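The chain contents come next:
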Amino acid sequence: MNSSKSLVHVDLSYNNLNSSIFQWLSSTHTNLVYLDLSGNNFTGVVGWLEAINMLPKLSNLILSGCNLPPPIMSSVSVMNSSKSLVRVDLYDNNLDSSIFQWLSGTHTNLVELDLSWNNLNGSSIPDDFGNMSSLASLYLSGSRLKGGIPNSFAKLCRLRVLYLGNNSLSGQLSDIIDILSKCAQNTLEYLDISDNHGIMGSVPENIGQMSKLEAIDFGGNSLEGVISEIHFSKLFRLYYLDLSSSSLVLNFRFDWVPPFQLDTITLRSCKMGPSFPKWLQTQKSVSSLDIYDNGITDTIPSWLWDFSHGLYFMDLSQNQIRGTIGNLRSEFPPKLNELESLDLSKNQINGKIPTSLSWIASLGKLNLSENNLFGKIPIGTQLQSFDYAYDGNRLLCGAPLPRTCPEEEKGPRQSVLVNQDSQGVLITQGHYISMGLGFAVGFWGVCGTLLLNKSCRYTYFNFLTFLNDWLHVKAAIICQRMLNR
């Protein structure tokens, strides 16, 4: 390059840079378009935002995870802020709400903005966001925001991604959906307002008109009311659904077939009803299923184990599920060879633990506690490593539990179980006795005849003598032929 000013793309992420990098860039690289300094520690740096303002052509600014302090706004000229910025990523810093002042002067072409996991200290979301007409992705999760979303969000006609989770937002969910459906109804794809706790009310039916929604995360709020198939009537692209930790009642028609295929289903503490819903059977691509505390009193249907491609997480705990873990021992669970976590605790499941459960090499977490399981825990590396997985099952025995199984305590004259899955075959003392008797009868049947019958004895030994002579002659002929060659 002939001049340092011709440098347009700089990526110095995850190095041990100090604050001088900002002065160097702003004084010698004014044509810079792309700047990524992520993962460097700029704690206490002064003047970083002033340096950014000296880069008039900058379109991509990425300073995530830098421990940046709040800017001193009295020394920052908002009017001279760059109007070329398209993407601003300030994720995971120590910024406060003063950053909003700077952003109000950079909104013209901004498409993506990430201020998540900062210290916005209970500030409300400013109306200025509504003036960012090009904004497509807005990330404000985990930033201590309060209040509701401003009415100006109704102007965001290109909004595709909105993450507002892990804040202290409040208000009625229906108001939030009404604002977003004004202009973003046909563009919004990802909506996350999880873990705000102050958001309450029912899920409005008009959410079903947002036909491009792919992910809905309403978990960790104070929602109530009834969810029916009307709420999902046009959500053909939906693959992620989280309604957890609410009081929602799921009331779908028995024969309802969803228009979507879900990858992640999280319905913790919802009220699904006493039976496993039929619509769940239509979902063939599930990787994570969490229906903890749903009031289910049904038995586990065989089709539940057919989530065969990529299922890694399943939590059915804190229900009143009856019956056994699996009806088909030989088929459970080879289809689940990617399963990493299985929780069936605090139910009323009985029967034995399927031996084939030990075949899942990827299983890293198992909880079968507080059930009515009995019998010996199958031998397998994983199953013996889960120390608390079997608590509350009084009739279970074998490692890792301190209870020895009855068949292991019996003496040598009593039956010994050799294989849990060998159709109940037992090796007993009588079995050994019959083997001995068979050998004795065979042996003395031959030897006794020779000893007691003289003519048979002569005939038998004459036969052996003839056989010996014949073999000797044959061996001599073969040796002579080989020598003559």
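These notes cover the structure that comes with them.

So, how was this worked out
- Residues numbered from 1 in each chain as written.
- Predicted model: local features only at pLDDT ≥ 70, side-chain atom pairs only at ≥ 80, totals over all residues.
- Heavy atoms only, no water.
- Phe/Tyr/Trp six-rings, centres within 6.5 Å; stacked < 30°, edge-to-face > 60°.
- Buried < 20%, exposed > 50% of the residue type's maximum accessible area, 1.4 Å probe, protein only.
- Lys NZ or Arg CZ within 6 Å of the ring centre and 35° of its normal.
- Pairing = 2+ DSSP bridges.
- Helix = DSSP H or I, 4+ residues; strand = E, 2+ residues; numbered from the N terminus.
- Contact = heavy atoms within 4.5 Å.
- Disulfide = S-S within 2.5 Å.
- Axes fitted to C-alpha atoms, helices over the stretch in contact; angles between N-to-C directions.
- Core = buried A, V, L, I, M, F, W, Y, C linked by side-chain atoms within 4.5 Å.
- 1 Å grid on protein atoms, 1.4 Å probe; cavity = no way out; pocket = protein on both sides within 12 Å on 5 of 7 lines; lining within 4 Å.
- Points joined across faces, edges and corners; volume = space filled by probe spheres on them.
- Nonpolar A, V, L, I, M, F, W, Y, C, P; charged D, E, K, R; others polar.
- Arc of directions from axis to C-beta.

### Let's talk about the packing of aromatic side chains
Applying the stated criterion across every chain yields a total of ten aromatic pairs. Ring centres of Trp256 and Phe260 lie 6.2 Å apart, and the angle between their planes is 75°; this geometry places the pair in the edge-to-face category. Phe260 shares its class with Trp256; the two are buried. If you follow Arg268 out to its NZ or CZ, it ends over the ring of Tyr292, 4.1 Å from the centre.

### Some points on the pairing of strand β22 (residues 372-376)
Inspection of the sheet shows strand β20 (residues 350-351) paired to β22 by two bridges, in the parallel sense. Residue pairing in the sheet places Gly351 in a bridge with Leu373 of β22. Strand direction decides the pairing type here: β22 and strand β23 (residues 395-397), joined by three bridges, are parallel. Each bridged residue has a counterpart across the sheet, and for Lys376 the counterpart in β23 is Cys397.

### A closer look at helix α4 (residues 173-183)
Residues that lie three or four places apart on an α-helix share one face, since the helix turns once every 3.6 residues. For α4, the set of buried residues is Leu173, Ile176, Ile177, Ile179, Leu180 and Ser181. For α4, the elements touching its buried residues are β8 (161-163), β9 (168-172), β10 (190-192), β11 (198-201) and β13 (222-227).

### Brief notes about the sheet that holds β23
The sheet built from three strands is open, its strands ordered β20-β22-β23 with parallel pairing. Each having just a single partner strand, β20 and β23 make up the two edges of the open sheet.

### Structural notes on the state of the cysteines
In the structure shown here, the tally under the stated rule is two disulfides. Each sulfur in the disulfide pair Cys157 and Cys183 lies 1.6 Å from the other. For the disulfide bridge between Cys157 and Cys183, the dihedral angle about the S-S bond is near 95°, and by the sign convention the bridge is right-handed. Within this pair, whereas Cys157 is found in the loop between β7 (146-147) and β8, its partner Cys183 is found in helix α4, the two being separated by 26 residues in sequence. Take Cys157: its relative accessible area is 36%, and that puts it in the partly exposed class. Given the relative accessible area of 23%, Cys183 is considered partly exposed. A disulfide bridge connects Cys397 with Cys405, and the sulfur atoms are separated by 2.1 Å. Its S-S torsion of approximately 100° makes the covalent link between Cys397 and Cys405 right-handed.

### Observations concerning the sheet that holds strand β15 (residues 247-250)
The strand order β7-β9-β11-β13-β15 describes an open sheet built from five strands, whose pairing is parallel. In the strand order of this sheet, the two ends are held by β7 and β15, each with one partner. Pairing geometry for β13 and β15, over four bridges, is parallel. If you follow Glu224 over to β15, its bridge partner there is Ser247. Here α4 sits on the sheet in contact with β9, β11 and β13, set at roughly 90° to β9.

### Some points on the environment of Ile52
By secondary structure assignment, the location of Ile52 is in helix α2 (residues 48-52). On the basis of relative accessibility, which here comes to 1%, the residue Ile52 falls in the buried class. Sequence-distant contacts of Ile52, defined by excluding residues within four places in its chain, comprise Phe22, Leu35, Leu58, Leu61 and Trp102.

### Focus on the nonpolar core
One recurring pattern in soluble globular proteins is that nonpolar side chains are buried together. Grouped together as the largest cluster of nonpolar side chains are 116 residues, with contacts concentrated most on Phe22, Trp102, Phe218 and Tyr390. Listed by contribution, the elements that provide at least two residues to this core are α1 (20-28), α2, α3 (99-103), α4, β13, β15 and α5 (278-281).

### Overview of empty space enclosed by the protein
Per the counting criterion, the structure on display carries three cavities of 30 Å³ or more. The computed volume of the largest cavity comes to approximately 50 Å³. Around the largest cavity, the lining residues are Val203, Ile207, Ile216, Phe218, Ile227, His231, Phe232, Leu241 and Leu243. Partitioned by chemical class, the residues of the lining of the largest cavity number eight nonpolar, one polar and no charged.

### Quick word on the environment of Leu223
Its location among the elements puts Leu223 in strand β13. The exposure class assigned to Leu223 is buried, which follows from its relative accessible area of 3%. Along the chain, Leu223 and Cys270 lie 47 residues apart, while their C-alpha atoms are 9.9 Å from each other. Residues in contact with Leu223, not counting those within four places in the same chain, are Leu173, Ile199, Met200, Gly201, Val203, Phe218, Ser246, Ser247 and Leu248.

### Describing α1
Inspection of α1 places Ile21, Phe22, Leu25 and Ser26 among the buried residues, and these make up the whole buried set. Projected down its long axis, α1 carries its buried residues within an arc of 120°, all on one side. Buried positions along α1 lie against β1 (9-11), β2 (34-36) and α2.

Read these as layout, nothing more, since geometry by itself doesn't imply function.
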